[in-house]
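Inside the fold
Now for the letters of each chain:
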Amino acid sequence: MATVELKNITKIYDGGVKAVDDCNITVNDKEFVVLVGPSGCGKTTTLRMVAGLEEISGGELYIDGNLMNDVPPKDRDIAMVFQNYALYPHMTVFENMSFGLRIRKYPKEEIKTRVHEAAQILNIEELLDRRPKALSGGQRQRVAVGRAIVRKPKVFLFDEPLSNLDAKLRVQMRAEISSLHTRLQATMMYVTHDQVEAMTMGDKIVVLRDGLIQQIGSPLELYNNPQNRFVAGFIGSPPMNIITSAVKEEGGKIIADEGDFQITITGSMADRLKPYVGKNVLLGIRPEDLVFTEQPEKVNNIKTSIEVIEPLGAEIHLYVSTKSHQFITRVPPRWEFTVGDEANFKPDVNKIKFFDIETELCI
């Protein structure tokens, strides 16, 4: 396998539209890196530049230490799995999987061996004589992945490969692709708009917004220590609750005052908030860090009204509101709730994040 290095990569389309802006990413050997972000953030464009399907406007691309900017796609030793599978309808599964090897004039026996090895890994051996129209969406996706495997490329590129599958099959295929990465010990770049896919599959996640990298890190690093408001709100399901809060100092204590409730901030976070006394900040707290209490707490109590109840079996999502804000909370299913009931929550003060209201950077 190989490393992939993007150094100051930029993509500018006709008309001056900058799709990717000064992108710096290193994908280490055997690493699974996920590019995630909303539609139009530049993640697919970045992947296509690695593949050679888009011309690089600026910067340098290296694969295995070799400069690839002007190298044709066929000579980059990469394999790409597309969102729409891109299978030839008139060919059988065997012919689709072997196509890349046949045009490269591989010996027939080696082609047969490679295809059957890949089919065995993906559990599609019984499908080799069928054509794509006779396959389900999940089976077509396995064939598309198998076509990439038989090439034994230095780098695998996945462009939203699961977006056309139903919810249950997406979960299954997520696990299968992760398992495949472990078995092949392959270098993989994977594009998705689904942050759950990113969190569950990636060794490293690159969060993009408007062509700019917002943060790079492990799934838990991004979840627990987001660098800005966008990452905090994008990573996590349900998303982090983010509200505007005033910072006050009363009796030597730092207080986050939302208006309907106050939270006393302690420790190092209180020190970091001191320069913001008298100003507004953005307060962020994850749904699981709002702890339901049967009786109102004496301090740091948030009194709410229940608006929506989403029972999910292992947990319940409650949409609750104060006079001026709505929160999403995640609670165990051992309590019964009714819409309109009062519910009290105590925030885990150690898990609260604060963001500068102008720069949106984490304080």
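The structure this text deals with has already been given above.
Residues numbered from 1 in each chain as written. Predicted model: local features only at pLDDT ≥ 70, side-chain atom pairs only at ≥ 80, totals over all residues. Heavy atoms only, no water.

1. Focus on the overall build of the protein chain
Convention followed: Comment: elements are numbered from the N terminus, with helices defined as DSSP H or I runs of at least four residues and strands as E runs of at least two. The buried label goes to any residue with under 20% of its type's maximum accessible area, the exposed label to any with over 50%, and the partly exposed label to all in between, with areas taken from a 1.4 Å probe on protein chains only. Residues count as neighbours in contact if any of their non-hydrogen atoms are within 4.5 Å of one another. To measure how exposed things are, a 1.4 Å probe is used in the Shrake-Rupley method; for residues, cover is taken only from the protein chains shown. The charged-residue count follows a simple rule in which Lys and Arg add positive charge and Asp and Glu add negative charge, with His and chain termini not counted at all. Every charge is mapped to an atom, namely NZ of Lys, CZ of Arg, CG of Asp or CD of Glu.
Across its full length, the protein chain carries 9 helices and 20 strands. C-alpha atoms of the protein chain, sized along the principal axes, occupy 80 × 45 × 35 Å. Sorting the 363 residues of the protein chain into buried and exposed places 48% on the buried side. Here the analysis covers contacts within the protein chain between residues at least 6 apart in sequence; of these, 66% occur between residues at least 24 apart. For the protein chain, the accessible surface area stands at approximately 17,300 Å², while carbon and sulfur atoms represent 47% of it. Each charge sign in the protein chain was given a centre, from 44 positive and 49 negative side chains, and these centres are 5 Å apart.

2. A look at the sheet that holds strand E20 (residues 353-356)
What counts here: Following DSSP output, two strands are said to pair if at least two bridges run between them. Fitted lines through C-alpha atoms serve as axes, helices being fitted only where they are in contact, and the angles separating the N-to-C directions of these axes extend from 0 to 180 degrees.
Strand order across the open sheet formed by 5 strands is E13-E12-E11-E14-E20, with antiparallel pairing between neighbours. Only two strands of the sheet have a single neighbouring strand rather than two, namely strand E13 (262-265) and E20. Ignoring which end each strand starts from, the neighbouring axes of this sheet average 40° apart. Pairing of strand E12 (residues 253-257) with E13, which is carried by 4 bridges, proceeds in the antiparallel orientation. Within the sheet, the bridge partner assigned to Ile254 lies in E13 and is Ile265.

3. Observations regarding the side chain of Asp356
Put simply, the rule is: Within this document, salt bridges are pairs made up of a side-chain nitrogen of Lys or Arg and a carboxyl oxygen of Asp or Glu, the two lying within 4 Å of each other. Here a polar contact means two N or O atoms within 3.5 Å. Within protein one must be a hydrogen donor candidate and the other an acceptor candidate, and residues neighboring in sequence count only if both atoms are side-chain atoms.
Mapped onto the secondary structure, Asp356 falls in strand E20. As a buried residue without a salt bridge, Asp356 has its nearest oppositely charged side chain in Lys279, at a separation of 7.0 Å. At a separation of 3.0 Å, a polar atom in the side chain of Asp356 contacts the main-chain amide nitrogen of Thr359. In contact with Asp356, not counting residues within four places along its chain, are Tyr276, Leu282, Leu361 and Ile363.

4. A word on helix H3 (residues 108-122)
Quick note on the threshold: To estimate how far a helix should reach, multiply one less than its number of residues by 1.5 Å. Think of it as the arc spanned by the lines of direction from the helix axis to the C-beta atoms.
Here H3 spans 21 Å end to end across 15 residues, near enough to the 21 Å set by a 1.5 Å rise per residue. Three or more residues of H3 are buried, namely Ile111, Arg114, Val115, Ala118, Ala119 and Leu122. When H3 is viewed along its axis, its buried side chains cluster within an angular range of 130° and face the same direction. What points out from H3, more than 90 degrees from its buried face, is the exposed set Glu109 and Gln120. At its buried positions, H3 is contacted by helix H2 (93-103) and helix H4 (137-151). Taken from the residues just after H3, Asn123 is the one with a positive phi, measuring 60°.

5. Some words on the pattern of salt bridges
On inspection of all chains with the given rule, the structure shows 15 salt bridges. Salt-bridge contacts for Arg229 lead to Glu360; the nearest nitrogen and oxygen are separated by 3.8 Å. Here the residue Arg229 occupies a position in helix H8 (residues 229-234), and Glu360 occupies one in the segment after E20, the gap between them amounting to 131 residues. The partly exposed category is assigned to Arg229, whose relative accessible area is 31%. Here Glu360 falls in the partly exposed class, since its relative accessible area comes to 25%. Of the charged contacts in the structure, one is a salt bridge between Glu315 and Arg330, with a shortest N-O distance of 3.2 Å. Of this pair, Glu315 sits in the loop between strand E16 (302-311) and strand E17 (316-321) while Arg330 sits in strand E18 (residues 326-331), and the two are 15 residues apart along the sequence.

6. Here's the deal with the packing of H2 against H3
Filter applied, for reference: Under this scheme an angle from 65 to 115 degrees is roughly perpendicular, one under 35 degrees roughly parallel, and one over 145 degrees roughly antiparallel; angles in between are oblique. Two helices cross in a left-handed way if the nearer one is turned anticlockwise from the farther one by less than a right angle. They cross in a right-handed way if the turn is clockwise. Side-chain classes follow a simple rule in which Ala, Val, Leu, Ile, Met, Phe, Trp, Tyr, Cys and Pro form the nonpolar group, Asp, Glu, Lys and Arg form the charged group, and the remainder, Gly included, forms the polar group.
H3 packs onto H2 with a crossing angle of 130° between their chain directions and a minimal axis gap of 10 Å. Taken as axis vectors, H2 and H3 run oblique relative to one another. When you trace H2 past H3, the crossing you get is right-handed. Contact residues: H2 offers Phe94, Met97, Ser98, Leu101 and Arg102, while H3 offers Ile111, Lys112, Arg114, Val115, His116, Ala118 and Ala119. Per-class residue counts for the contact of H2 with H3 are 7 nonpolar, 2 polar and 3 charged.

The values reported here are purely geometric and, on their own, carry no functional implication.
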